[in-house]
Amino acid sequence: VTLPIRLRLNGQPREVEVGPTETLQSVLRWRCGLPSVRQSCGIGVCGACTVLLDSAPVSSCLLLAPLADGRSVETVEGLGPDDPVVEAFVAQHAFQCSYCTPALVMATRALLSAHPDPTDEQIEAHLSGNLCRCGSYYAIRAAVRDASDRLGRRTDLA
Amino acid sequence: MMGNAVLAAAANLRADLLTRAAARLGADPSSVTLVPGAVALASRGPSEGGAADGPAGRAARRADEAAGPDDSTEGAEGETGGSDEAGAGGLPVSEPSRRGRVPEDHRRDDTRAGPTTGPEQQAPTDSISLSDLVPDDAEELSAEGEFRNAGGLDPDTGQGVASSQWNQSAVAAQVVVDPQTGKVEVEHVHAAVYAGRVVNPAAARLQTEGNVVMGVGSALFEEVVFEEGQVVNANLSDYPVPSLADAPARLTVTLLERPGAQVHGLGETALPPTPAAVGNAVAAALGLEPNRLPLTPERILAAAEVAATRGAP
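Conventions adopted
Residues numbered from 1 in each chain as written. Chains lettered and ligands numbered in written order. Predicted model: local features only at pLDDT ≥ 70, side-chain atom pairs only at ≥ 80, totals over all residues. Heavy atoms only, no water. Pairing = 2+ DSSP bridges. Helix = DSSP H or I, 4+ residues; strand = E, 2+ residues; numbered from the N terminus. Axes fitted to C-alpha atoms, helices over the stretch in contact; angles between N-to-C directions. Patch = residues over 30% accessible without salt bridge, like charges linked within 9 Å, V, L, I, M, F, W, Y side chains within 5 Å. Areas by Shrake-Rupley, 256 points an atom, 1.4 Å probe, with all protein chains shown as cover. Salt bridge = Lys/Arg side-chain N within 4 Å of Asp/Glu carboxyl O. Contact = heavy atoms within 4.5 Å. Buried area = accessible area lost by both parts, 1.4 Å probe. Polar contact = N/O pair within 3.5 Å; in protein donor to acceptor, adjacent residues only side chain to side chain.

Novice: Tell me about the sheet that holds strand 1 (residues 32-35) of chain B, and name the residues and values.
Specialist: Residues and elements named next belong to chain B. The strand order across the open sheet formed by 3 strands is 1-2-5, and the pairing between neighbours is antiparallel. In the strand order of this sheet, the two ends are held by strand 1 and strand 5 (127-129), each with one partner. Across the sheet, the mean angle separating the axes of adjacent strands is 20° when strand polarity is ignored. In the sheet, strand 1 pairs with strand 2 (residues 38-41) via 4 bridges, with the strands oriented antiparallel. By the bridge assignment, V35 is partnered in strand 2 with A38.

Novice: Help me get a handle on a nonpolar patch on the surface, residues and values and all.
Specialist: Together, V224(B), F226(B) and V231(B) make up a nonpolar patch on the protein surface, roughly 270 Å² of accessible area in all. Turning to its location among the elements, V224(B) is positioned in the loop between helix 6 (201-220) and strand 9 (226-227).

Novice: With reference to specific residues and values, describe the interface of chain A and chain B.
Specialist: In this assembly, 21 residues from chain A lie in contact with 20 residues from chain B. If you sort the residues of chain A by the area they bury against chain B, R133(A), Y137(A) and Y138(A) come out on top, with a joint share of 41%. Summed over the shared surface of chain A and chain B, the number is 1 salt bridge. The partner of R133(A) in a salt bridge is E222(B), with the nearest N and O atoms 2.6 Å apart. Counting across the interface, chain A meets chain B through 5 residue pairs in polar contact (both at pLDDT 80 or more).

Novice: Explain the pattern of salt bridges to me, using residue names and the numbers behind them.
Specialist: Inspection of every chain in the model, using the stated rule, returns 11 salt bridges over all chains. E223(B) serves as the salt-bridge partner of R299(B), at 2.9 Å between the closest nitrogen and oxygen. A residue pair is termed long-range when its members are at least 10 positions apart, and R299(B) in helix 8 (residues 297-311) and E223(B) in the loop between helix 6 and strand 9 qualify at 76 residues. Where salt bridges share partners, they join E87(A), D146(A) and R150(A) into one cluster.

If you want it as structure tokens, here you go:
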């Protein structure tokens, strides 16, 4: 049994047939062809499946896809190569194996929309739910600061 | 084996401090000793205790087992440093496995936890604080030590570690332990890695930082739990790994290079000594040695209880 849901997926309208108990992570990765949406723990602890749902970060492994019907979903595939957060992560070499990186980029975007110039405590509070087993946390912190600077210099991005 | 180099560095640092302090106190260097945060006339120093085989020793042995012959032409130079409030030098020492214990003066005296974290110590009057010994413009104390061995496989047995390039590292950690809760906060870790010739400094540094973060996880909370032969904490809900909030507040890295050296691997070089460094720092802070990793609050409180029971008349 499947049912159709409509998403605004990375800015484009998208209709997709989903199973009633299917997670958003599964739909995005396997039905919508977005390989950045990764499942690791499957219980909402590691943060590797983080996407933005109506601009808020969610663990897509915990969200039943039908509940996303009619809402906006953003993944790292929707960001251009000149995205300031992506640029900052590359510039600061804020990854090793990069498994956690797409989710961290999305979580960082959410952090910076809430706190354009975040304190260490705000960075910790927002990003501690995204585990990096390579332990690149110091570079990630630097990337968040760098992204904050880049966003501050850009006027074309709200 | 960098542990030997760290021990040598610690001994050098200790001797330097004692000499400086003795000169200031107008005493003979042999008559002064290090106490927490200060150098005092030896007769006023606290008695030294400590079990022989704590987690740091175990971890040190593990690091030691991982240690092996140098490639004989590559340096085995080490360095360690710490402020006057440093917790302890992390040391993949070879001494514990050979002699069963680390010399007390290395284990307890060279670096010490801050006054709030250790057992109550009355500062002797005939003493000089470490901060008075260090020049005002010096941010840190540092020392160097060196160890060389013949390298290669044992000619008699043909045994040894089959590593084409021996990887060497040394780690020092500074911790704060809450004696009420047993919670350990790692404030500063310094990792020194012998890297031969570094090709990609940013990646080498990043990987070494990752080593320390992972090592802090295994020191403080990572543990696979078995019950009746089954792993019972098979997902991240029950097996915490370090998050951004768990990374030490300060992490410094030295990549040691040598002109003309080969390019060495840097996979997990600084990982094994990290739990040893954290364990030594905790042991120094509490004056006791929790004997199991990870150093959870429960285990630290239990170790403190055992030590208190033993200390009772």
